[in-house]
Every structure is written in C-alpha cells, then in structure tokens.
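Structural description and commentary
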Amino acid sequence: MLITVLLLLGSAFVIYLACEYFVNGVEWVGQQFGVSKNATGTVLAAFGTALPESVVTFVAVVFGHTAAQKEIGVGAALGGPLVLGTVAYAVVGFTFLFSKRQPQGHFLSDLTGGRLISDQKWFLSIFVFKAALGLVAFAIKPWLGILFLFAYAAYVRQEMTAGGDAGNAFDLEPLKIRPKAAAPARGWPLLQTGGALVVIFLSSQVFVHQIDAIGPWLGLSPQLVALLLSPIATELPEILNAVIWVRQGKQTLALANISGAMMIQATIPSALGIMFTPWMLQHALVWAAVVTMLSIVGLYFFLKKNALTPRVMALFGGFYVLFAVGLYFIPLQA
C-alpha cells in the first residue's frame, strides 16, 4: 500500500509539473497563431488535455470485448462533466479565495461572463439531449452519435471566429524550454505543448491505476470507485490547468478551460458511446446526469445575475457531495 500511495502522490506531482509546461506552451501557441485568449482556453487547452482520455474512451467502447469494458466509456461520458461542473469550479473558487492575486473590481468582465453564459447554454442543450437518449432504446440511436460530433465542430467554429483579445507576447511568461528567447520560433511552443501532453497522459494513467487500487482499501466497490474517484482522476489535468492560471491571475483562461473541457466531454465521448454501445443509463448514471444539470443551471443563474464570485464557485463542490450521498440510496445497477 505504501508503494501505491507514493506512486499516487508522485504521479500527481508530475502531472502538476507537466501542466505548468502545458499552460505555458499553449498560451504561446495561441498567441503565435492569433487565437483569442478565450478560444485558447475553450479549444486549444481543453482539446489538448481531453484528447488522451477521449482516446481511452474510444478504445473502451470500440475495442472492448465485454459489456463491463464498454461501460467504462459510458461512465466517462457522464462522470467527466459531473466532475468539471462541480469539483473543478469549486477548486477554482477556493484557489481564488486563498490566492494573493485577488481579482480587482468585477470578478468577470462582461465579455468573459457573456462567453461563459453561452458555453452553459451550449453544454446544457447537448447534455439534456444525450441524457434523454440514455433512457430510451430505438434502432437508429447509434446514428445520432454523429450529431454530437457536428455539435462540437459548430462550437469550435463559433469560438475560433468570435474574436477577442489574442494575447500579447509581453504578457506571457518566457517559454519554459526557451527561457531566453523573447520570440521563440513556432515549433518550440508546439514541441513543449505536445511533450507536456505526453507526460500528462502517461502520468494520468499511473494516477488512475493507483486510485483503482486504493478504492478497495477504503472499502469502496469497483463500481463506486468508477463513479466517485476515477472521474476526478481523469479530469485532474483540466483542474490543475485552471489552478495554475488562477495563480497567475488569468481567470479568463482558467474558466474557459473548464467550460471548453465540459463541451468536449459532452460531445466526443458521448458520440463514441452512443455509436458503439447500447447507451442505456443505469440508475447511478441517471443520478449523475441530474446532479450535473442542477449544477450547470445554478452556474447559469449566477452568471446571468452577474453574481458569480469565488465564494459562490467554491460552494459548487456541494453538488458532488450531494451526488456521493445519493449513491448510498441508489442501486448501482438496474
């Protein structure tokens, strides 16, 4: 068990260091290719960190030989958004509360708040549709998975063409692998970002395996580990990216990264699950969907009222506690 704990802590530390390199690199990529700060968070950063877990989902649902293996993909499609919509926002809120870089004036600019409102509309519309599909069985359901891929493509197009600040090289920290270069060639940021992603992916696999091993030690069944702990492990890179940007006083990038990651989790893993599995949600997954929707509706309400503060965001962690408590009363299988 000691080795498991050491591997857990060590892999988490490596993931954090790799995320430091990733956020630094992806900011330079966005700046050099003229991508707005918001799109850098919602598209470039979110897609990069979500790509490895999407590959895992793809392997599970396409090449899985048993129903249990395919359920991994279905669980990821529901568990990822749940963690991002509750734990990730709570962590960002707490990080702001204990950060020395407290936001001046309004916590969010009108532009950032408006973009986040739009993101919640996008997410909620898609998420409600995919949850509803999990309640009914019909012959053409697998074909509807294509709609989720089109939805994500439309979202990316909107984000990339929406305009906004593209970021200034003078506002960026030096590229970590070229610290003395005031304007590194384009290949260096791409190399640093890609290399960091590889390290994040490999370290995340180690972290997830240790979580799976610790679950029984805590008295949790494999199903509970898959629903409660594994999603947090798989979304750790996105959460750490946001924490790093908060510490740097870049709340626009931090929150855009979370909302962009939620859009990916609502579409790409869902499309794979719907196309390659029966996509029938068990009771616990329906409960996960309900809690996720409650959290996003709450977030949307505070954004519309211009009342989203770090203290309010910290409270969204309560939705994950609600989910955990509800699992005690809900059968894990139908």
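Quantities reported herein were computed from a predicted structural model and do not represent experimental measurements. By convention here, each chain's residues receive numbers from 1 onward along its written sequence. Local features are withheld for residues below a pLDDT of 70 in this predicted model, meaning they are given only at 70 or higher, and side-chain atom pairs are given and counted only at 80 or more; totals for whole chains, interfaces and linings count all residues. The side-chain values count all of the structure's non-hydrogen atoms but skip hydrogen atoms and water molecules.

**Some words on the overall build of the chain**
Counting from the N terminus, the helices are the DSSP runs of H or I reaching at least four residues and the strands are the DSSP runs of E reaching at least two. Helix and strand counts for the chain come out as 12 helices and zero strands. In sequence order, the secondary structure elements of the chain are arranged as α-α-α-α-α-α-α-α-α-α-α-α. For the chain, the proportion of its 334 residues judged to be buried stands at 51%. We get accessible surface area from the Shrake-Rupley algorithm with a probe of 1.4 Å; when it comes to residues, only the shown protein chains can shield them. In the structure as shown, the chain presents an accessible area of about 15200 Å², 71% of it carried by carbon and sulfur atoms. To sort residues, take the accessible area from a 1.4 Å probe on protein chains only and compare it with the maximum for the residue type: under 20% means buried, over 50% means exposed, and anything in between is partly exposed.

**Looking at the packing of aromatic side chains**
A pair of Phe, Tyr and Trp rings is counted when the ring centres sit within 6.5 Å of each other, with Trp represented by its six-membered ring. The angle between the planes then sorts it: under 30 degrees is stacked, over 60 is edge-to-face, the rest tilted. Here the structure, examined in full by the defined rule, presents nine aromatic pairs. Between Phe301 and Phe302, the ring centres sit 5.5 Å apart and the planes meet at 80°, which makes this aromatic pair edge-to-face. The class of Phe301 is partly exposed, set by a relative accessible area of 46%. Feature note: the residues Phe301, Phe302, Phe316 and Phe319 constitute an aromatic cluster, connected by ring pairs. Only when the NZ atom of a Lys or the CZ atom of an Arg is both within 6 Å of the ring centre and within 35 degrees of the ring normal do we say a charge sits over the ring. Lying across the ring of Tyr21, Lys176 places its NZ or CZ 5.7 Å from the centre. Stacked on the ring of Phe33, the Lys or Arg Arg186 has its end atom at 4.4 Å from the ring centre.

**Description of helix α8 (residues 236-247)**
Here a helix's expected span is defined as the number of its residues, less one, multiplied by 1.5 Å. If you check α8, its first and last C-alpha atoms are 16 Å apart, about what 12 residues at 1.5 Å a residue would give, namely 16 Å. Within α8, 11 of the 12 residues are buried, which leaves the element mostly enclosed by the surrounding structure. What α8 keeps buried is the set Leu236, Pro237, Glu238, Ile239, Leu240, Asn241, Ala242, Val243, Ile244, Trp245 and Val246. Positioned one or two residues after α8, Gly249 has a phi angle of 75°, which is positive.

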